[in-house]
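Overview (structure and organization)
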Amino acid sequence: MTDIPPAAFKPVSPQDWETLIDDFQYGGLRRHKWTTLSPVLLDLALSSILKRDFPLKLHLLLFLEEFSDSFLLEPISLDRLLDSLRLVIQSPADGFHITLPLKDQFLVSTTSIFISLDVFNKFDIRYAESLVELLLIIVNRPNHGPDRQTRAVACECLRELERFYPCLLSDIAGHLWSLCQNERTHASQSYILLFTLVIHNIVALESNVSVLNTSVPLVPFNVPQSLLAGGSSNSTNTCLNYKELRRAMAFLLESPQVLTPCGMVEFMAMITPVAISLELQPSMLKVQFFGMVYSYNPILCHVVLMLYLRFMDAFDGQESEIARRLMLMSREAQHYLVFRLLALHWLMGFNELISSREVKKKKAMAVEMRLSFYPRVFDPLALKALKLDLLAFCSICIESLKSESASDAGKSVDKLFGDGLVSVSAFKWLPPGSTETAVAFRAFREFLIGGSSHSATDPSTIRTLLESTIFNTLQQYGRWSQYAYGGAFGGKGMTEDLGIVSKGYGPTILKWQEDGIFPLVQTDIGQIWKICLYVLVKMRTYFNQAQSALGGVALKYEMVSVEDVRNINCLADLLSYKVASLPMKYLGLLLGASFKAKNIWDGVVEKIEKSLAGWKRLYLSKGGRITLIKGTPSNLPIAKLRDL
Amino acid sequence: MGFKIGYQEPSSSPLLQISCWSIGSRDRAMSGGCSIRAIWILNSLDSVVFSRFPVVEKRWQAACKSENENASEESFSYAVYSLLPADSELASAFVERKQREGSARGFGIRVSQSSKGSDSWVDDPITRHIVGLYINKEEEGENNLLWPLILHIKGNYFIIVLPLVEPRYLKAYTRLCKRSDCGNAIGADDSLSSLLLDLPSITGAFMVAHAIGDIISADVAEPEVVVSASPSVGGLLDSLTGSIGISGISSRAKPVAAPVASSVPSNTAVAGAVAADAPKIGSRPLDKDALRTFISSSMPFGTPLDLSHSNIFTIKVNGFSSSDLPPPDLKQPAWKPYLYKGKQRMLFTVHETIHAAMYDRDEIPDNISVSGQINCRAELEGLPDVSFPLTGLNTAHVEGLSFHPCAQVPEHRADKQAVMFSPPLGNFVLMRYQATCSLGPPIKGFYQLSMVSEDKGAFLFKLHLMEGYKAPLTMEFCTVSMPFPRRRVVSFDGIPSIGTVSTTEHSVEWKIVTSGRGLSGRSIEATFPGTVKFAPWQTQRLPSSRSGFGIIADEDSDVETENCNNVVNIEEFLMDKMSNDLPPADLEEPFCWQAYEYAKVSFKIVGASLSGMSIDPKAVSIYPAVKAPIDFSTQVTSGDYILWNTLGKCPSTAAEKA
């Protein structure tokens, strides 16, 4: 195939169309080469679709829908489009050339083209009116058997139009309501959703139309004057017809059991703002919909959560029930993993939300539930990680409640931390690259710093951290891990070690990446992070490399601050280090002194001399050594005599 | 022309208030809904099917426009990426992410390779499912993030669904994955959790992605309902589903052009990652027509309405005849487009899966859990309501009940002993529950494996089957397998007290109870001592792409482990050696399976449930009353039923006790 089709090239055969569609979807140059065709593309496609035995009718309609925004539309094409649509809709479905799915797709595609090209505003209004009229004619046959699916689709088309052009259908709301009441086939969902949206838009736009009034005929359809005239209508529509709208709502609230879960999502999204505007009792919604939280369909649970977010007061007292339900959802082994993860995320988001309202309550709730967040053996690691997050959250709550009730909170935090970690305890012996290690260290961090504010400027953070129970626990890990020091840092040299403590974050990040730990720190971190990091580094090093540690050899460590380090005494204390100052001796050299000073090299000279002496001894032959040994005592009296 | 209607750019419209409302606040007001902007289905090379919804796209662009206008005063204002990429752009962005994030799913947790701005920077495992892609990365700087993309992997296919969210959520996520602090913080404002709580469209998009995944894999089987009296209901089921056209899904004519199903990837590093992410379940050609039909009819205008494939394909194939009359007095639910006609009856099957971790250790208690469901098939005319009491709820330690959407659950479930529902057509899962075993474990005992030399292990099984299980309970089969995924079995020696033994290259299988010779009304004790010999251990070097959590082992530590030769205990030495090059487990796995020695038991038990959950057929009431025979059956199968090697390491968790 040539890169650029001749200008006169027109796709006719199904293969041509397939190529064209592929090129459009691929994008870029492949799509660009068809540009010349775009004014006539719609016409060409329509004539292909109307051919009796064209095999790709549905495919082509979908193509028109997807790329409708790229056509250059002339009024004459719109006429052709509407005529073709009418032709297809009115032909009887023979199940072969004209099928019901073809009719449905034609309706959807045409509506979609009208909306994406904004035919309502850019062309004569009669085009829009005739499309709406066509749809209304289809819709206006409630309970008619064979075409029920097409009627449902037409309702969806009308709903989409109403969504983009609010109050387009508000004048005929009365008719839609009665259609809605009459329809008894499965298409009733689409009728209900359409009517709900009309009500929603009436309420949202505060239009004062009557939803009972059927004086405006359904067909012929005219776009309401208020939409055509411009801003003038605003002055009149100040009051809503509350009584009628409440009646309509009462009708709508009876119907949810006919909706699919997806339909329910749409329905609730529309009904909730209406209920707020009409000041309906939230308890009505609650009674009707709260039961959905017990469904195993995640989207229905989410609908209830959305309802909760809107009407928190009405759900007061049921937070723990919702939280419990979410926790149980995360345990359902039948769910896809992602829904179990989502449930825990909702729970976390939910906790945050309650915390912003009522701090103490959430804390008590979380503490109460803490045992149910324990990871289980067969929980996937992703789930374990999130459960550990929740446990960390619980420990923060316990910490903050500690001051209020001087109970044995500390013990409990320890317990949470220890118990939680059991689930990934394999990090102690698995290779450092294992997922368990990554999850475990993520949890360490959450427990350690989750509760503190992430601001480095806040002076209270370090105190909070140092007083926290978790930190004390970790401190013990830290002490414990010092035996690993020789194995861990010995090979790498002390300067690097010092770097961690004092040189700021540059080396810290370096060090951490060397160890393969997540780069926890970036710029702008405060002293606090360095300390945390230090402890974490030590712990990690211990767990990964301490198997061959220098068991029990007590070493003395000194630490030296290179820059100004606040709280260095505190840090030294907790790590059982000594604070030293520069210059100090390291590897036989004075660290921190000027290298130009002559006397700092004395030690080096001395050392070299010693070594030289040793080397001389080594390089004497055995015979030479014997001679030397024999010779030395024989000369001793002479030497003594010399002294005399 | 002298008119303007609502949905128009705010600039020149005379209806300024209305249009602003319609773009900004209206979308906010309706943020609870779920709309899909686009769906892509990729195989390892190319885009296969692509659907986009220009109507939703228009809403998105309008929302972007108003967001960008509103945000202009704020400090962090920048334009969000407002266009939908073409196939080629998306595919290359996907490949780019795969390389950056180690695998198609990504790291999930922040690791040293994570770069700022990528998903793993957010440090949350759910970013393996909700991903972001940078479109045309080299061209633009800031605003080319496409998020939230729902990633679902099915077979060789990557299903990517992009739901419509307000631009401010995209901005919030951009901040999350570029922030400079140390990762996920609990309780922070604008955390990922609160975003997910606010966005039901993400949840909806997952439902869409999974529904599409089922169609791709032709995995549209209904939940199993068994009849206890007759051996199988298959013939009847087939004729029923055939009559309403369900069987037509897989037998539809294949599309003209065969899709590109080649899975030869461009470079090997990626290949390893793909293989790890997506277990191959046979690459069958994609039924593009079926997919297109499903997408266009389940979500016209990008808004999902019904994701039940059986409903959609039945309507598409059969349509409705004038004899399909709507019910005279009730509304027919949208989830039940057809009404059943014919002989009436009801079938219930309790299906339970047993997960167990058996330790045989004093310090770790055994852990057995039951996840169960009640499958149902109601062949009832009209739109009846069915209700029945749940017997066994008192004895069973059922901790969580959840129901099919057709069940009516009252707000306060004081009377959770009864279930009332209006059944849909076909087989469905009426309820699910998690419980503990009310009887003892069906298989008890221990498994011990001890390495006597580097390549030889001695093992011993001592098991009790069905101890304390009474007559209707029948064990149909029971097999124990010892997998050795990292060692090749050379020879094997030993005779079990009952059953037969076979070996494969990487496992030893012991069939204790074979099908056809069920074990009923008695318990048996089975022992099996033996030895197994392996091929010499070879160090497996990891391919570089799988260094996963990326700690490149220190040279020093390598030397140290080599020096451990003087360790007396051969097992410890071997374990050390073997665990040194264990590949990291996926976050979807509960732990690194390969690091442990265990035996896995598989079995099937019929006759009664192990949790005690049961339905009394006499207590089932149907309104309006009809005479319909009610059949109840149970079947219990094993899930992860693991006997950990008593002499080795084992994963465990802390007990949930105060």
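Numbers given to residues run from 1 along each chain, matching the order in which its sequence is written. Chain A is the first chain written and ligand 1 is the first ligand written, with later ones labelled in order. Thresholds applied to this predicted model are a pLDDT of at least 70 for local features of residues and 80 or more for the giving and counting of side-chain atom pairs; totals over whole chains, interfaces and linings are not thresholded and use all residues. Side-chain measures were taken over the full set of non-hydrogen atoms in the model, leaving aside hydrogen atoms and water.

Under an unreviewed UniProt entry, the name given to chain B is MHD domain-containing protein, and the organism recorded is Carya illinoinensis.

Looking at an unreviewed UniProt entry, one finds chain A named AP5B1 middle domain-containing protein and attributed to Carya illinoinensis.

1. Brief notes about the overall build of chain B
The secondary structure content of chain B amounts to twelve helices and 22 strands. Across the 658 residues of chain B, 57% fall into the buried class. Between two residues, a contact is recorded if the distance between any of their heavy atoms is within 4.5 Å. Within chain B, residue pairs in contact and separated by at least 24 positions form 73% of the contacts whose partners lie at least 6 positions apart. Accessible area of chain B: about 26000 Å², with a carbon and sulfur share of 53%. Going along the chain from the N terminus, every DSSP run of H or I of four or more residues is numbered as a helix, and every run of E of two or more is numbered as a strand. Working definition: with a 1.4 Å probe on protein chains only, accessible area under 20% of the residue-type maximum means buried, over 50% means exposed, and in between means partly exposed. For every accessible area listed, the method is Shrake-Rupley and the probe measures 1.4 Å; residues are considered covered only by the protein chains on display.

2. Quick look at the sheet that holds strand 15 (residues 489–493) of chain B
All names here are of chain B. Strands sit in the order 12-13-19-15 across an open sheet of four strands; the sheet is antiparallel. Strands with a single pairing partner mark the edges of an open sheet, and in this sheet they are strand 12 (443–453) and strand 15. Sheet twist, expressed as the mean angle between neighbouring strand axes with direction ignored, is 20°. Two strands pair when backbone bridges link them, and strand 12 and strand 13 (residues 456–465) are joined in this way by ten bridges, in the antiparallel orientation. Note that in strand 13 the partner of K444 across the bridge is H464. Any two strands are treated as partners once DSSP identifies two or more bridges connecting them. For helices, the fitted line uses only the C-alpha atoms of the stretch in contact; every axis is such a line through C-alpha atoms, and the angle between N-to-C directions lies from 0 to 180 degrees.

3. Remarks on the packing of helix 6 (residues 100–116) of chain A against helix 2 (residues 54–70) of chain B
When two helices pack together, you describe them by how their axes are tilted relative to each other and by the distance separating the axes. Their axes nearest at 9 Å, the elements helix 6 of chain A and helix 2 of chain B cross at an angle of 25°. Between helix 6 of chain A and helix 2 of chain B, the crossing angle belongs to the class labelled roughly parallel. Crossing of helix 6 of chain A against helix 2 of chain B: the hand is left-handed. Between helix 6 of chain A and helix 2 of chain B, the residues in contact are S112(A), I115(A) and S116(A) and P54(B), V55(B) and K58(B), respectively. Asp, Glu, Lys and Arg are counted as charged, while Ala, Val, Leu, Ile, Met, Phe, Trp, Tyr, Cys and Pro are counted as nonpolar; the rest, among them Gly, fall into the polar class. In the contact of helix 6 of chain A with helix 2 of chain B, the residues fall into three nonpolar, two polar and one charged. Any angle between 65 and 115 degrees counts as roughly perpendicular, while under 35 counts as roughly parallel, over 145 as roughly antiparallel, and the rest as oblique. Should the near helix be turned anticlockwise from the far one by less than a right angle, the crossing is termed left-handed; should it be turned clockwise, right-handed.

4. Here we look at the sheet that holds strand 10 (residues 418–421) of chain B
All names here are of chain B. Spatial strand order, 10-8-21: three strands in an open sheet with antiparallel pairing. Edge positions in the sheet fall to strand 10 and strand 21 (621–623), since each of these pairs with one other strand and no more. The mean inter-strand angle of the sheet, taken between neighbouring strand axes irrespective of direction, is 15°. For strand 8 (residues 385–389) and strand 21, the ladder comprises three bridges, and the chain directions are antiparallel.

5. Observations concerning the nonpolar core
One finds W40(B), F421(B), F461(B) and L465(B) to be the most contacted residues of the largest nonpolar core, which totals 339 residues. If you tally residues by element for this core, the top one is helix 20 (residues 381–402) of chain A, at 14 residues. Throughout this description, the term nonpolar core refers to a set of buried Ala, Val, Leu, Ile, Met, Phe, Trp, Tyr and Cys residues connected via side-chain atoms within 4.5 Å.

6. Focus on the interface of chain A and chain B
Contact with chain A, which involves 158 residues of that partner, is made by 152 residues of chain B. By convention in these notes, a salt bridge is any Lys or Arg side-chain nitrogen within 4 Å of a carboxyl oxygen on Asp or Glu. Joining chain A to chain B, the criterion identifies four salt bridges. Ionic pairing is found between E399(B) and R376(A), a salt bridge with its closest N-O pair at 3.6 Å. In protein, a polar contact requires one atom able to donate a hydrogen and another able to accept it; more generally it is a pair of N or O atoms within 3.5 Å, and residues adjacent in sequence count only if both atoms are side-chain atoms. There are 35 residue pairs in polar contact (both at pLDDT 80 or more) connecting chain A and chain B. Ranked by residues supplied to the side of chain A that touches chain B, first place goes to helix 18 (residues 337–357) of chain A with eleven residues.

7. A closer look at the packing of aromatic side chains
What describes a pair of aromatic rings is the distance from one ring centre to the other and the angle between the planes of the rings. The rule is short: rings of Phe, Tyr and Trp, with Trp giving its six-membered ring, pair when the centres are within 6.5 Å, and they are stacked under 30 degrees, edge-to-face over 60, tilted in between. Counted according to the given criterion, the structure contains 39 aromatic pairs over all chains. Consider the rings of F348(B) and F388(B), whose centres lie 5.3 Å apart with planes at 70°: the pair is edge-to-face. Taken together, the residues span a long stretch of sequence, with F348(B) in strand 6 (residues 345–358) and F388(B) in strand 8 at a distance of 40 residues. Note on F591(B) and W644(B): the rings are 5.6 Å apart at their centroids and 70° apart in plane angle, and the pair reads as edge-to-face. Of this pair, F591(B) sits in the loop between helix 12 (570–580) and strand 20 (598–606) while W644(B) sits in strand 22 (residues 630–644), and the two are 53 residues apart along the sequence. Each member of the pair, F591(B) together with W644(B), is buried. Aromatic ring contacts, followed pair by pair, group F378(A), F591(B), W593(B), Y596(B), Y598(B) and W644(B) into a single cluster. Counted as over-ring charges are cases with an Arg CZ or a Lys NZ within 6 Å of the ring centre that also lie within 35 degrees of the ring normal. Taking NZ or CZ as reference, R126(A) lies 4.3 Å from the ring centre of Y127(A), over its face. For R432(B), the ring lying beneath its charged end belongs to Y296(A), and the centroid distance is 4.2 Å.

8. A look at the side chain of D104(A)
Residue and element names in this part refer to chain A. Counting through the fold element by element, D104 comes out in helix 6. Nearest to the buried, unbridged D104 among oppositely charged side chains is K103, at 7.9 Å. Looking at D104, its side chain comes within polar contact range of the side chain of T150, at 3.0 Å. Excluding residues within four positions of it along the chain, D104 makes contact with Q149, T150 and V153. We count Lys and Arg on the positive side and Asp and Glu on the negative side, and we leave His and both chain ends out.

9. Quick look at the pattern of salt bridges
Taken as a whole and judged by the stated rule, the model has 36 salt bridges over all chains. In this structure, D147(A) engages R141(A) in a salt bridge whose closest nitrogen and oxygen atoms are separated by 3.6 Å. Note on R141(A): relative accessible area 40%, which makes it partly exposed. Salt-bridge contacts for R37(B) lead to E57(B); the nearest nitrogen and oxygen are separated by 3.0 Å. Of this pair, R37(B) sits in strand 1 (residues 36–42) while E57(B) sits in helix 2, and the two are 20 residues apart along the sequence.

10. Some points on helix 9 (residues 148–164) of chain A
Here helix 9 of chain A is 17 residues long and its end C-alpha atoms lie 25 Å apart, about the 24 Å a rise of 1.5 Å per residue gives. Counting buried positions along helix 9 of chain A gives 17 out of 17 residues, so the element sits mostly inside the fold. To estimate how far a helix should extend, the number of its residues minus one is multiplied by 1.5 Å.

11. Description of the packing of helix 6 of chain A against helix 8 (residues 125–139) of chain A
Residue and element names in this part refer to chain A. Orientation of helix 6 relative to helix 8, taken along the N-to-C sense of each, is 150°, at an axis distance of 11 Å. Between helix 6 and helix 8, the angle is such that the two are roughly antiparallel. Relative to helix 8, the crossing made by helix 6 is left-handed. On the side of helix 6, the interface is formed by L107, T110, T111 and F114, while helix 8 contributes Y127, A128, L131, L135 and I138.

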